[in-house]
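# Structural characterization, general
Here is how the chains run, residue by residue.
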Amino acid sequence: MSQITGLYELNLWVGLKTIVMVVRSIQHWNKTTQELQFYMTSLAGDANKIGSAIRQHWGIENSVHWTLDVTFHEDESRIRSLHSPQNFALLRRIALNALERESSFRRSIRQKSRRAATCFLCWLRLSQTQTLCHNLPVNRV
């Protein structure tokens with residue numbers, strides 16, 4: 001990277017070995033668009049290895065995004081002010097992790113979420129409480 005000049009505070013980029021430019025073509029039903037993306041990495045300039053790392057990253061990212069959207073309708077969220085979008089995104093990811101770790105109810109993440117929303121004792125179990133919903137008496141008012 002000694003060939004690259006003009007990086008702001010070059011001493012903060014120790015270990016940077018490669019800058020990658022990816023041109024991605026996206027086929028829509030009526031047109032094709034192109035995106036240009038840049039990546040910086042400490043990997044050596046091996047195109048196959050870097051390409052594999054980028055695809056793996058986006059595969060994981062797309063999988064998590066799809067799950068968040070299906071379970072929590074994240075794309076439909078209208079939360080826009082101040083730090084609220086970041087705060088709610090963090091809360092959704094915490095909830096997703098808790099739902100994925102819950103193993104006593106073998107259903108989809110969406111079904112686990114709905115069960116936790118309708119059953120307070122199930123929600124407590126997701127919150128690390130070791131109670132079992134079906135074994136506890138239900139007090140009706």
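My aim in this report is to walk through the structure given alongside it, one point at a time. (Residues numbered from 1 in each chain as written. Predicted model: local features only at pLDDT ≥ 70, side-chain atom pairs only at ≥ 80, totals over all residues. Heavy atoms only, no water.)

Once that is clear, we can look at the side chain of R92. Structurally, R92 is set in helix α2 (residues 84–101). Sequence-distant contacts of R92, that is, excluding residues within four places in its chain, are made with L68, F72, E74, S77 and I79. (Helix = DSSP H or I, 4+ residues; strand = E, 2+ residues; numbered from the N terminus. Contact = heavy atoms within 4.5 Å.)

Turning our attention to the pairing of strand β2 (residues 32–41). Here 10 bridges tie strand β1 (residues 18–27) to β2, and the two strands are oriented antiparallel to one another. From the neighbouring strand, T18 faces β2, where its bridge partner is T41. Here β1 hands over to β2 after four residues, the two strands then running antiparallel side by side. (Pairing = 2+ DSSP bridges.)

Under the 1.5 Å per step criterion, the end-to-end length of α2 is 26 Å for 18 residues, consistent within 8% with the ideal 26 Å. Every buried residue belonging to α2 is among A89, R92, L96 and L99, and all of these are buried. All buried residues of α2 project into a common sector of 85° when viewed along the axis, lining one side. In α2, the exposed positions that point more than 90 degrees away from the buried face belong to Q86, L90, L91 and R101. (Expected span 1.5 Å × (residues − 1). Buried < 20%, exposed > 50% of the residue type's maximum accessible area, 1.4 Å probe, protein only. Arc of directions from axis to C-beta.)

We now examine the packing of helix α1 (residues 47–72) against helix α3 (residues 109–118). α3 packs onto α1 with a crossing angle of 40° between their chain directions and a minimal axis gap of 9 Å. Regarding the angle of α1 to α3, the classification is oblique. For the crossing formed where α1 meets α3, the hand is right-handed. Of the residues in α3, those touching α1 at T67, V70, T71 and F72 are I109, R110 and S113. Its residues assigned to classes, the contact of α1 with α3 comprises three nonpolar, three polar and one charged. (Axes fitted to C-alpha atoms, helices over the stretch in contact; angles between N-to-C directions. Parallel < 35°, antiparallel > 145°, perpendicular 65-115°, else oblique. Left-handed = near helix turned anticlockwise from the far one by under 90°. Nonpolar A, V, L, I, M, F, W, Y, C, P; charged D, E, K, R; others polar.)

Core analysis: the biggest nonpolar cluster contains five residues, these being V20, V22, Y39, I50 and I54. For this core, the elements supplying multiple residues, two or more each, are β1 and α1. Not counting residues up to four positions away in its chain, the partners in contact with V22 are E35, L36, Q37, Y39 and I54. (Core = buried A, V, L, I, M, F, W, Y, C linked by side-chain atoms within 4.5 Å.)

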